[in-house]
Amino acid sequence: MSIASLTLSNYIMIAELLGLWVMLESNVHLNKRTITATRIVIILIFTEALFWAIERWTREIGYLTYTRIILTPTVYLLHPIIMLGIMDMAEFVKKRRLLLYLPILISAPLLYTSQWTHLFYWFDSNNLYIAADNVLRYYPYFLFLFYVILFVAAFTMRYARYGTAERKGILISIIAASVGVLLNIIFEIDVDYSTLFASLLLIYYLSLYVLTAKEDTLTHLLNRQCYYSDSDKLKDQITAVVSVDMNDLKKINDTQGHD
């Protein structure tokens with residue numbers, strides 16, 4: 001495995017993530033915490049792609065190495081961690097952070113010791129991967145699926161008042177990606193999901209950016225541009241417009257503060 005072959009095999013993913021990294025420099029709608037979380041997710045996806053490539057290279061060795069024993073569970077754990085990072089972009093994990101990481105913290109020692117406990121999988125002396133002969137062989141995928149469902153639920157609840165089109169776009173992307181992963185599992189095709197993660201990250205970032213751009217930063221209500229847009233698109237359905245004026249609001253703001 002050379003740097004050139006690694007770059008070429010992940011060319012699309014690298015191009016997407018580098019482009020997104022540069023775009024973050026000119027962001028005017030998302031806050032600093034969201035931008036930082038996005039950068040962390042980009043680094044995690046790069047790391048997953050690199051670790052998976054090295055792990056794939058260790059498969060070609062005729063004997064078992066500790067490198068493969070360590071990298072395999074690491075790649076499995078990076079998948080749900082990436083999903084948590086994506087959730088953190090919209091501050092879904094601001095509260096109950098430890099609770100959300102608990103399944104990963106519990107799974108980590110189980111996955112890293114599976115080589116000796118044979119709980120989920122193990123490698124024989126010839127470096128062959130052997131899965132457990134029960135439903136636990138799919139545990140890494142179940143763990144990842146749990147965080148996918150959690151992400152969809154959190155995103156739907158966060159933008160329940162508006163963002164219908166964005167929710168549909170995210171849902172379609174998640175379903176399509178899940179079907180692809182499921183087909184790979186059924187036909188036992190082992191592939192790297194870093195490009196898939198990069199594409200989903202771009203779609204999610206776009207939807208998050210659009211949703212944030214719709215909000216008034218002080219009140220978190222839909223802003224003036226949304227009013228103009230809805231007034232134009234829904235002019236046949238709108239029957240009334242209510243305007244509220246508050247006397248002396250500026251004086252209160254200036255003397256007592258915005259809060």
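On a predicted model such as this, the values are computed, not experimentally measured, just so you know.

1. Description of the overall build of the protein chain
Counting its secondary structure elements, the protein chain contains 11 helices and two strands. Secondary structure of the protein chain in N-to-C order comes out as α-α-α-α-α-α-β-β-α-α-α-α-α. Relative to the compact-globule value of 18 Å for 259 residues, the protein chain shows a C-alpha radius of gyration of 23 Å, a clear excess of over 25%. In terms of overall dimensions, the protein chain has a C-alpha envelope of 80 × 40 × 35 Å along the principal axes.

2. Describing the packing of aromatic side chains
Inspection of every chain in the model, using the stated rule, returns 14 aromatic pairs. When the centroid spacing of 5.7 Å and the interplanar angle of 65 degrees are considered together, the rings of F155 and Y204 count as edge-to-face. With F155 in helix α7 (residues 139-158) and Y204 in helix α9 (residues 194-214), this pair connects stretches of sequence that are 49 residues apart. Of the two residues, F155 and Y204, neither departs from the other in class, the shared state being buried. Considering the side-chain rings of Y205 and Y209, the 6.2 Å spacing of their centres and the 35 degrees angle between planes classify their relative orientation as tilted. Of this pair, Y205 and Y209 are both found in helix α9, four residues apart, which corresponds to roughly one turn of the helix. Under the relative-accessibility criterion, Y205 is labelled buried at 5%. An aromatic cluster is built from Y76, Y121, F123 and Y129, whose rings are joined through pairwise contacts. It is R39 that lies over the ring of W21; its NZ or CZ is 4.5 Å from the centre.

3. Focus on the nonpolar core
Judged by nonpolar contacts, the single largest core of 55 residues is most densely connected at I86, M89, F92, F151, L201 and Y204. Of all elements in the fold, only α2 (11-23), α3 (32-59), α4 (66-89), α5 (97-112), β1 (121-123), α7, α8 (164-186) and α9 reach the threshold of two or more residues within this core.

4. A word on the side chain of T38
Mapped onto the elements, T38 comes out in helix α3. Relative accessible area serves as the criterion here: at 0%, T38 is assigned to the buried category. Residue contacts for T38: discarding those within four places in its chain leaves L20, L24, M89 and Y205.

5. Quick word on the environment of R96
Looking at the secondary structure, you find R96 in the loop between α4 and α5. For the pair formed by R96 and E48, sequence separation is 48 residues and the distance between their alpha carbons is 26 Å.

6. Quick word on a nonpolar patch on the surface
Taken together, the side chains of L171, I175, V179, L182, L183, I186, F187 and I189 present a nonpolar region at the surface, about 770 Å² in accessible area. With respect to the secondary-structure elements, V179 resides in helix α8. Take V179: its relative accessible area is 43%, and that puts it in the partly exposed class.

7. Points about α2
Across its 13 residues, α2 extends 18 Å between first and last C-alpha, which sits within 8% of the 18 Å expected from 1.5 Å per residue. Among all positions in α2, only M13, L17 and L20 are buried. Seen along its axis, α2 keeps its buried residues to an arc of 60 degrees; they face one direction. Along α2, exposed side chains directed more than 90 degrees from the buried face belong to Y11, I12 and V22. Against the buried residues of α2 lie α3 and α9.

What counts and what doesn't
Residues numbered from 1 in each chain as written. Predicted model: local features only at pLDDT ≥ 70, side-chain atom pairs only at ≥ 80, totals over all residues. Heavy atoms only, no water. Helix = DSSP H or I, 4+ residues; strand = E, 2+ residues; numbered from the N terminus. Rg over C-alpha atoms; globule rule 2.2 N^0.38 Å. Phe/Tyr/Trp six-rings, centres within 6.5 Å; stacked < 30°, edge-to-face > 60°. Buried < 20%, exposed > 50% of the residue type's maximum accessible area, 1.4 Å probe, protein only. Lys NZ or Arg CZ within 6 Å of the ring centre and 35° of its normal. Core = buried A, V, L, I, M, F, W, Y, C linked by side-chain atoms within 4.5 Å. Contact = heavy atoms within 4.5 Å. Patch = residues over 30% accessible without salt bridge, like charges linked within 9 Å, V, L, I, M, F, W, Y side chains within 5 Å. Areas by Shrake-Rupley, 256 points an atom, 1.4 Å probe, with all protein chains shown as cover. Salt bridge = Lys/Arg side-chain N within 4 Å of Asp/Glu carboxyl O. Expected span 1.5 Å × (residues − 1). Arc of directions from axis to C-beta.

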